[in-house]
Amino acid sequence: MNAREEILRRIERVAPTRPAAEVAASYARIDRGYLRRHHEDGVLDLFAERVADYRATVLRVPADGAAAAVAERLAARPGSYGAPADLPAEWTSAVAAPLVRDFSTASLDGLAGAVTGCAAAIAETGTIVLDHGAAQGPRALSLVPDYHLIVVRAEQVAPDVPEALERLDPSRPLTFVSGPSATSDIELSRVEGVHGPRTLEVLIIR
């Protein structure tokens, strides 16, 4: 028995795994009488406003303008970009910069940035959620490069947190992005890019 197995054995002894049916029944009993939606209109406007509040650049374009917008943003920073292999071709068809599909540590460190899609977005909090599934690539792609362009389709934007969570699979590795990576020391000196991209740009496709 290795150390990992021993740790898991001790955890199981203290907190035994509950049958799936019991967990589901317990989850179903949770009172959800809270207000699930605070916004009905202007959801995209609210999302763009909240994302911009986090010092991210927000651009809104029609679907047929996505390729040109992506190409323009990437052209502003010379170099190669990490892009998932399943990123829609209509987003990258006009990109002149090399698109890298190798996401090893060495290759990620040398990228000018990354361009991905997302799983969902939340207007109320200005948050974008990646589950590292379709068009998103591995988690490292959203953390190592210093620049990240995230493409958000209008229908992916939920008004509030409860609706967004219902669209997500909790068993997947979820990454919640609210603006560029930033932290502050005890004197509240803000430092960006410590544990993620220093620059975040969000392209909303209507």
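Right above here is the structure, for reference.
Parameters at a glance
- Residues numbered from 1 in each chain as written.
- Predicted model: local features only at pLDDT ≥ 70, side-chain atom pairs only at ≥ 80, totals over all residues.
- Heavy atoms only, no water.
- Helix = DSSP H or I, 4+ residues; strand = E, 2+ residues; numbered from the N terminus.
- Buried < 20%, exposed > 50% of the residue type's maximum accessible area, 1.4 Å probe, protein only.
- Contact = heavy atoms within 4.5 Å.
- Salt bridge = Lys/Arg side-chain N within 4 Å of Asp/Glu carboxyl O.

Further remarks concern the environment of Val51. Mapped onto the elements, Val51 comes out in helix H3 (residues 43-53). Since its relative accessible area comes to 1%, Val51 is described here as buried. Linking Val51 and Val23, residues 28 residues apart in sequence, is a C-alpha distance of 36 Å. What Val51 contacts, discounting residues up to four positions off in sequence, is Ala56, Val58, Gly126 and Val202.

With that settled, the discussion passes to the pattern of salt bridges. Under the defined criterion, the tally for this structure stands at 11 salt bridges. Between Arg18 and Glu22 there is a salt bridge; the shortest N-O distance is 3.2 Å. Residue class for Arg18 comes out partly exposed when judged on its relative accessible area of 40%. Judged by relative accessible area, which is 40%, Glu22 ranks as partly exposed. A salt bridge links Asp146 to Arg198; the nearest nitrogen and oxygen atoms lie 3.1 Å apart. You can see Asp146 sitting in the loop between strand E6 (127-130) and strand E7 (147-153) and its partner Arg198 sitting in the loop between strand E11 (190-192) and strand E12 (199-205), a full 52 residues away along the chain.

Spatial relationships are all this shows, so hold off on functional conclusions.
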